[in-house]
Amino acid sequence: MDKNSNWALSLHIPVMIILQISFLILFAVFTRYDQSEAYRNQYENAEGVGSKVLAHGTINTSYAMFQDVHVMIFVGFGFLMTFLKKYGLSAVSLNMLCSALAIQWGILVHGFLHPSYDICAANVTTSAAEELSAQSDVLYNNNCTPNFPWIDISLGTMIDAEFAVAAILISFGVILGTSSPLQLILMTMIEIVLFNVNKIIGRDILGAVDAGDTIFVHMFAAYFGIAMSRVLYDKNAATSDKAGTTPTSDLFSMVGTIFMWMFWPSFNAVAAADGDAKMRALINTYLSLCACVMSSFAASALVNSKRKFSMEHIQNATLAGGIAVGAVADMV
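A brief structural summary. (Residues numbered from 1 in each chain as written. Predicted model: local features only at pLDDT ≥ 70, side-chain atom pairs only at ≥ 80, totals over all residues. Heavy atoms only, no water.)

**Describing the packing of aromatic side chains**
Here the distance between the centres and the angle between the planes together describe a pair of aromatic rings. By the definition in use, this model includes twelve aromatic pairs. A connected cluster of aromatic rings, assembled from ring pairs, spans Phe 30, Phe 112, Phe 148 and Trp 150. (Phe/Tyr/Trp six-rings, centres within 6.5 Å; stacked < 30°, edge-to-face > 60°.)

This is the structure:
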């Protein structure tokens, strides 16, 4: 009876194994490196001629900001969630689990909804392509499949995946301490699909512009998290003494807040258009965050009966400036 009970509580183990095997198969069948950046070619592009020039320009322009967002996801969000005194280790570890799952599933879902199809030259035969390939170092696509829905993976794909992960982690913060690993896995799988559908409706159909994803990430994830908290509501968990904080847990949470605060300009600017729009996004987010810190500290002390700063306010409200300005950061 005890063994059966243990396995009943360990369903997340086979689920994770099955999901990862499924991801391996789906990636092997449907994904490939982006044809313009990760395969050697000599086609004209925005940076000049050839994939080496284009890839070099893309890395110089966006990879540093991608790394900033990556740190926000795994370090910032991870430590921000450690405010509950009994769930510090769970917060950091499950944050990492949900992020890794969401990255892979997010790339697949986004790719299935935005597939890439080969454009085959009618006058170039397979033998001609092989001959051209043999005469130079340029790699040509010898197996052109115009009807196959490929998923091209590039740095842009990785950035889109990071934004999807951010939505998952915001919802995760709402139900922290009240959900099991299996429930978090199911939530991640469902929310990634709805997140991408919501972006298609907002961006492609309604034409909404949201460089910092204030609408499509933060608002969507917050409302989704509220819905999840209603579904998983447990009165005992709501009144449990495990929901409190300690000075140590607040300290670790503040570390996450500072990491998030430092890198938020990159979060808002990485998806903005290159040039002056990206620069405006950086400057506007930077100044908005500074103003938000001053306002948050003042408001926290003002509403406290002892006129002291509340760590709960500081850990979260100081980031609100970056979120609020995100939708218009590149336009103001």
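**With respect to the layout of surface pockets**
Empty space within the second largest pocket amounts to approximately 560 Å³. Together, 21 residues line the second largest pocket, and Leu 80, Met 81, Ile 170, Gly 173 and Asn 316 are the ones closest to its centre. Counting only elements with at least two residues in the lining of the second largest pocket, the list comes to helix H3 (51-80), helix H6 (155-174), helix H8 (214-231), helix H10 (247-269) and helix H12 (311-317). Grouping the constituent residues of the lining of the second largest pocket by class yields 13 nonpolar, six polar and two charged. (1 Å grid on protein atoms, 1.4 Å probe; cavity = no way out; pocket = protein on both sides within 12 Å on 5 of 7 lines; lining within 4 Å. Points joined across faces, edges and corners; volume = space filled by probe spheres on them. Helix = DSSP H or I, 4+ residues; strand = E, 2+ residues; numbered from the N terminus. Nonpolar A, V, L, I, M, F, W, Y, C, P; charged D, E, K, R; others polar.)

**Quick look at the packing of helix H2 (residues 12-30) against helix H7 (residues 181-205)**
At a closest axis distance of 9 Å, the pairing of H2 and H7 adopts a crossing angle of 30 degrees. Considering their axes alone, H2 and H7 lie roughly parallel with respect to each other. Crossing angle aside, the handedness with which H2 passes H7 is left-handed. Residue-level inspection shows His 12, Val 15, Met 16, Leu 19 and Phe 23 of H2 in contact with H7, the latter providing Pro 181, Leu 182, Ile 185 and Met 189. (Axes fitted to C-alpha atoms, helices over the stretch in contact; angles between N-to-C directions. Parallel < 35°, antiparallel > 145°, perpendicular 65-115°, else oblique. Left-handed = near helix turned anticlockwise from the far one by under 90°. Contact = heavy atoms within 4.5 Å.)

**A word on the state of the cysteines**
In protein chemistry, a disulfide is the covalent bond that joins the sulfur atoms of two cysteines. On inspection of all chains with the given rule, the structure shows zero disulfides. The thiol of Cys 290 is not disulfide-bonded; the next cysteine sulfur, from Cys 292, is found 10.0 Å away. Under the relative-accessibility criterion, Cys 290 is labelled partly exposed at 29%. For Cys 292, a relative accessible area of 11% puts it in the buried group. (Disulfide = S-S within 2.5 Å. Buried < 20%, exposed > 50% of the residue type's maximum accessible area, 1.4 Å probe, protein only.)

**Quick look at unusual backbone geometry**
For Asp 213, which is not a glycine, the phi torsion comes out positive at approximately 55 degrees. Owing to a relative accessible area of 3%, Asp 213 belongs among the buried residues under this scheme. A positive phi angle, near 55 degrees, is found at Arg 307, a position not held by glycine. With respect to the element layout, Arg 307 can be found in the loop between helix H11 (276-303) and H12.

**Quick look at the packing of helix H4 (residues 88-113) against H6**
At their nearest, the axes of H4 and H6 sit 8 Å apart, and the two run at 135 degrees to each other. By the criterion of interaxial angle, the relationship of H4 to H6 is oblique. Between H4 and H6 lies a crossing of right-handed hand. Residues Ala 91, Leu 94, Asn 95, Cys 98, Ser 99, Ala 102, Ile 103, Ile 107 and His 110 of H4 pack against Thr 157, Asp 160, Ala 161, Glu 162, Val 165, Ile 168, Leu 169 and Phe 172 of H6. By residue class, the composition of the contact of H4 with H6 is eleven nonpolar, four polar and two charged.

In short, shape yes, function no, at least from these values alone.
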